Amino acid sequence: METLFVMVPLAAVLALAFAYVFYSQMRKESEGTPTMQEIAEHVRKGAMAYLKQQYKVVAIVFVILALFFAVLAYGFHVQNSWVPFAFLTGGFFSGLAGFIGMKTATAASARTANAARNSLNAGLKIAFRSGAVMGLTVVGLGLLDISVWYLVLNAFVDATGPQKLVVITTTMLTFGMGASTQALFARVGGGIYTKAADVGADLVGKVEAGIPEDDPRNPATIADNVGDNVGDVAGMGADLYESYCGSILATAALGASAFYNDGDVQAKAVFAPMLIAAVGIILSIVGIYTVKTKEGAGMSQLLKSLGFGVNLSSALIAAASFGILYLLEIPNWAGLSCSVIVGLVAGFIIGQSTEYYTSHSHKPTQTIAHSAESGPATVIISGLGMGMISTAVPVITIAVAIILAFLFATGFDTANLLTAHNLSLGLYGIGIAAVGMLSTLGITLATDAYGPIADNAGGNAEMSRLEPHVRQRTDVLDALGNTTAATGKGFAIGSAALTALALLASYIEEVKIGLQHIGTTTIDIAGRTVDVAQATIPDFMAYYQVDLMNPKVLIGVFVGSMMAFLFCGLTMNAVGRAAGKMVEEVRRQFREIKGILTGDATPDYARCVAISTQGAQREMLFPSLLAIIVPVLVGIFFGVSGVLGLLVGGLGAGFVLAVFMANSGGAWDNAKKYIEEGNMGGKGSEAHKATVVGDTVGDPFKDTSGPSLNILIKLMSMVSIVMAGLTVAFSIL
């Protein structure tokens, strides 16, 4: 087994090596004219200045939380002593993944625009390979972090027998809280930044002043381009880093529990998700090299080019999973392999559903565009209705995936479905499905990170006054990026649902460890004394009275559901306040700096960048900290049963709300693009202005609140896991 484990860090190093290769190849390309280089430098400086400021704020939060965990571990002895260090490393690697992705994206946009001067395929290749740097960095750093922590804990944890792997895997889970915390700050802060700039640029520039998108006369245009990177690259990278690691670690912890009484199989079940992820890295690299297109390709051909790479990697990992689990000789290896395929298929269906509801090649988005003939109100109504309808397919898909993954893992033993053994096996199968969905993240994330690179390339082409055919090519790449970004958000939300379900089961394992930390070795269940180390999930459900008639569970469900809406409301209002200041600043510059609209004066871009930066830093703290504080308070007041209700309520409401917001926002954006391509009067028409308003409403939907919800779901789970020791030791009710 130790020999097979070597594949995991080797695959991580391979991913980072290829990320470096793609980055080096991109850097060798020309950034184009002096004007193109100057604009790219403005965006780079703005992005790095924002990230530097954000990391300062986040560092303070991390230090305070790490000290708090240290007090719990060394002062009250209700927590593993490794937790403070694991928490810090999770946050560090998550932040590093976002930083590398953004550094790459800001260097790639001008090069993509310059390559598009020669051909569409050249522009696609640079943008996509640069996006692949993000994807491969995330999976490389994720598996590297997991590998190092496993080796360290395996050497120093003093437990013996099957209990050792349980302690190792549950301890490793805690570094997921660091990754989740960093991801939420990145997503919320980046989302507020980018949408404040975007709304200001669109409402004043495009609607009031009637100038094109990314026009250099618009003072907010540099801030808008910076925002694409800090929100959609750094934020998405940190988000999926956390999902990737969380799914692997939760599944490993479930494997350690499910096969507790079989030491040899237990180790194999722990290593299985790591090995599937390792092979997925290799196959993602294969898929990346297959992405290319022909000159003059339209949206459907470009989608097929990207889809071919992703689908090839998915098909190969599906076949490889059978080989991996067969070689590991895990019981019911064929059924567990089918659970992996269930995860892959679920990810594919959610992606296709998102594409259908958000791409302007399909009827739903075109219907929204045609509703613009009646004005902005009908655009908004149509987009809201379509977004609500679009939740059906992803929710049904996840529901079917959950039951199929569970049944495959248990061998379809429906007569004994919820026995302790089958329940553990079924939950392990759901975790394996989440790992399967994320196993090709190296290429899946590349298609997502590609979007903001293409968007910035279009902005650079517009501001640099390049030839019309260049802007036409970058617009095609940008429209494709809108669809792949929407698909990526759907994929991130779907993977969050399966990962959060696996984390929900892992919470019980952490409760078990928490009880042992405070010296509780046995629990009494209806007059029956059970050893804590041997207690099953049904035992803990009975001990803590986790059923729907328990008011503590119901209170948790309501609070968890409320958290999804409260969080969205706080982040949307934050965007509104920051955007209001941006609108005022753009209007002030148009009014006071004479000659901007005639091109005789240069706008004060730096002032708009500063407004977005300050607004994001100020507004991101409260909603992000709320996601950490609420699970702690629920645990203290309502105990384990209240926390489980909280996590179930947050998962159910958060998943559906996230799909609705992401799809509505993506459809509004592409309805605008549909008209800008010359349909229904084209740019500047009344219909176009109506869809710009719809797009403005949708901006915080799809780029701030919606994407942040999947992190909220996982962060509440991670906080609950880390605080399990505190909950079992000090709960009031």
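Counting starts from 1 at the beginning of each chain's written sequence and moves along it residue by residue. A pLDDT threshold of at least 70 governs which residues receive local features in this predicted model, and a stricter bar of 80 or more applies before side-chain atom pairs are shown or counted, although totals over entire chains, interfaces and linings include all residues. Calculation of side-chain values draws on the structure's entire complement of heavy atoms; hydrogens and water are dropped beforehand.

Here a helix means four or more residues in a row that DSSP labels H or I, a strand means two or more in a row labelled E, and each is numbered from the N terminus. Within the chain, the regular secondary structure consists of 22 helices and two strands. Seen along its three principal axes, the alpha-carbon backbone of the chain occupies a region of about 85 × 50 × 45 Å. For the exposure calls, accessible area comes from a 1.4 Å probe over protein chains only, and a residue counts as buried if that area is under 20% of its type's maximum, exposed if over 50%, partly exposed in between. Residues classed as buried in the chain amount to 65% of the 733 residues present. Note on contacts: a residue pair qualifies if any of its non-hydrogen atoms lie within 4.5 Å across the two residues. Excluding contacts between residues fewer than 6 apart, the proportion of contacts in the chain whose partners are at least 24 apart in sequence is 83%. Surface accessibility in these figures is a Shrake-Rupley result with a 1.4 Å probe; residues are shielded only by whichever protein chains are displayed. About 23,900 Å² of surface is accessible on the chain, with carbon and sulfur atoms providing 65% of the total. Positive and negative side-chain charges of the chain, numbering 42 and 50 respectively, have mean locations separated by a distance of 6 Å. Neither His nor the chain termini are counted; the positive set is Lys and Arg, and the negative set is Asp and Glu. Charged groups are reduced to one reference atom each: NZ for lysine, CZ for arginine, CG for aspartic acid, CD for glutamic acid.

This next bit is on empty space enclosed by the protein. Whether a set of points on the 1 Å grid over the protein atoms alone is a cavity depends on a 1.4 Å probe fitting there but being unable to get out, while an open set qualifies as a pocket with protein on both sides within 12 Å along at least five of seven lines; lining residues are those with an atom within 4 Å of a point. Grid points are joined across faces, edges and corners, and a volume is the space filled by probe spheres set on the points. The tally for this structure, following the rule as stated, stands at six cavities of 30 Å³ or more. If you add up the space inside the second largest cavity, you get close to 110 Å³. Together, 16 residues line the second largest cavity, and Gln79, Asn80, Glu510, Ile513 and His517 are the ones closest to its centre. The set of elements that each furnish at least two residues to the lining of the second largest cavity consists of helix H6 (162–173), helix H17 (468–517), helix H21 (686–722) and helix H22 (724–730).

Now for the packing of aromatic side chains. Each Phe, Tyr or Trp ring (for Trp, its six-membered ring) is paired with any other whose centre lies within 6.5 Å, and the angle between the two planes then decides the class: stacked below 30 degrees, edge-to-face above 60, tilted in between. According to the stated counting rule, one finds 23 aromatic pairs in the structure shown. Between the aromatic rings of Phe18 and Tyr289, the centroid separation amounts to 6.3 Å while the plane-to-plane angle is 80°, which identifies the pairing as edge-to-face. One end of the pair, Phe18, is in helix H2 (residues 7–28); the other, Tyr289, is in the loop between helix H9 (263–288) and helix H10 (299–328), with 271 residues separating them in the sequence. The exposure class assigned to Phe18 is partly exposed, which follows from its relative accessible area of 23%. On the basis of relative accessibility, which here comes to 39%, the residue Tyr289 falls in the partly exposed class. Seen in terms of ring centroids, Phe62 and Phe87 are 4.7 Å apart; in terms of plane orientation they differ by 20°. Their pairing is stacked. In this pair, Phe62 sits in helix H3 (residues 34–75) while Phe87 sits in helix H4 (residues 83–116), placing the two residues 25 residues apart along the sequence.

A separate point is the nonpolar core. Each nonpolar core is a collection of buried residues, namely Ala, Val, Leu, Ile, Met, Phe, Trp, Tyr and Cys, held together in the definition by side-chain atoms within 4.5 Å. In terms of nonpolar packing, the biggest core is built from 247 residues, with Leu143 and Met274 touching the most fellow members. Top element by residues in this core is helix H20 (residues 605–676). It accounts for 31 residues. Among residues more than four places away in sequence, those in contact with Met274 are Phe5, Val8, Leu143, Ile146, Met172, Ile248 and Ala252.

In this section: a nonpolar patch on the surface. Residues enter patches when their relative accessible area tops 30% and they take part in no salt bridge; the joining distance is 9 Å for like charges and 5 Å for the nonpolar side chains Val, Leu, Ile, Met, Phe, Trp and Tyr. Salt bridge criterion: a side-chain nitrogen from Lys or Arg within 4 Å of a carboxyl oxygen from Asp or Glu. On the surface, Leu625, Ile629, Leu633, Phe637, Ile732 and Leu733 cluster together into a nonpolar patch covering about 550 Å² of accessible area. Assignment of secondary structure puts Leu633 in helix H20. With a relative accessible area of 41%, Leu633 lands in the partly exposed category.

Right, let's get into the packing of H20 against H21. Note on definitions: angles span 0 to 180 degrees between N-to-C directions of axes, and those axes are lines fitted to C-alpha atoms, for helices only across the stretch in contact. Running from N to C, H20 and H21 cross one another at 155°; their axes reach a closest spacing of 5 Å. When the interaxial angle is binned, H20 and H21 end up roughly antiparallel. Relative to H21, H20 is oriented so that their crossing is left-handed. Among the residues forming the contact of H20 with H21, the class breakdown is 26 nonpolar, 13 polar and five charged. Roughly parallel means an angle under 35 degrees; roughly antiparallel, over 145; roughly perpendicular, 65 to 115; everything else is oblique. In this scheme the handedness of a crossing depends on how the near helix is turned from the far one: anticlockwise by less than a right angle means left-handed, clockwise means right-handed. Three classes are used: nonpolar for Ala, Val, Leu, Ile, Met, Phe, Trp, Tyr, Cys and Pro, charged for Asp, Glu, Lys and Arg, and polar for all others, with Gly counted as polar.

UniProt positions are given in the numbering used here, feature names are shortened, and annotations may be inferred rather than shown by experiment. Cross-referencing UniProt, the feature "site: Determinant of potassium dependence" (unreviewed entry) maps to Ala485 in the present numbering. Its location among the elements puts Ala485 in helix H17. You can call Ala485 buried: its relative accessible area is 12%.

Scanning all chains against the criterion turns up 28 salt bridges. Put simply, Arg111 and Glu31 hold a salt bridge, and the shortest N to O gap is 3.6 Å. Taken together, the residues Arg111 in helix H4 and Glu31 in the loop between H2 and H3 connect sequence positions 80 residues apart. One exposure class covers both Arg111 and Glu31, and it is buried. Among the ionic pairs, Glu208 bridges to Arg587, the shortest N-O distance being 2.5 Å. Here Glu208 is found in helix H7 (residues 175–208), whereas its partner Arg587 is found in helix H19 (residues 551–592), with 379 residues between them in sequence.

A few words now on H3. What a helix should span is 1.5 Å times the count of its residues minus one. The terminal C-alpha atoms of H3 lie 60 Å apart, and with 42 residues this matches the ideal 62 Å at 1.5 Å per residue to within 8%. Count one or two residues on from H3 and you reach His77, which has phi positive near 55°.

This paragraph deals with the pairing of strand E2 (residues 528–531). Side chains on a regular strand alternate between the two faces of the sheet. Each pair of strands is called paired provided DSSP finds at least two bridges between the two strands. Looking at chain direction, strand E1 (residues 522–525) and E2 are connected through four bridges and run antiparallel. If you follow Ile525 over to E2, its bridge partner there is Arg528. Where E1 folds back on E2, the antiparallel hairpin that results is connected by two residues, among which Ala526 adopts a positive phi of roughly 50°.

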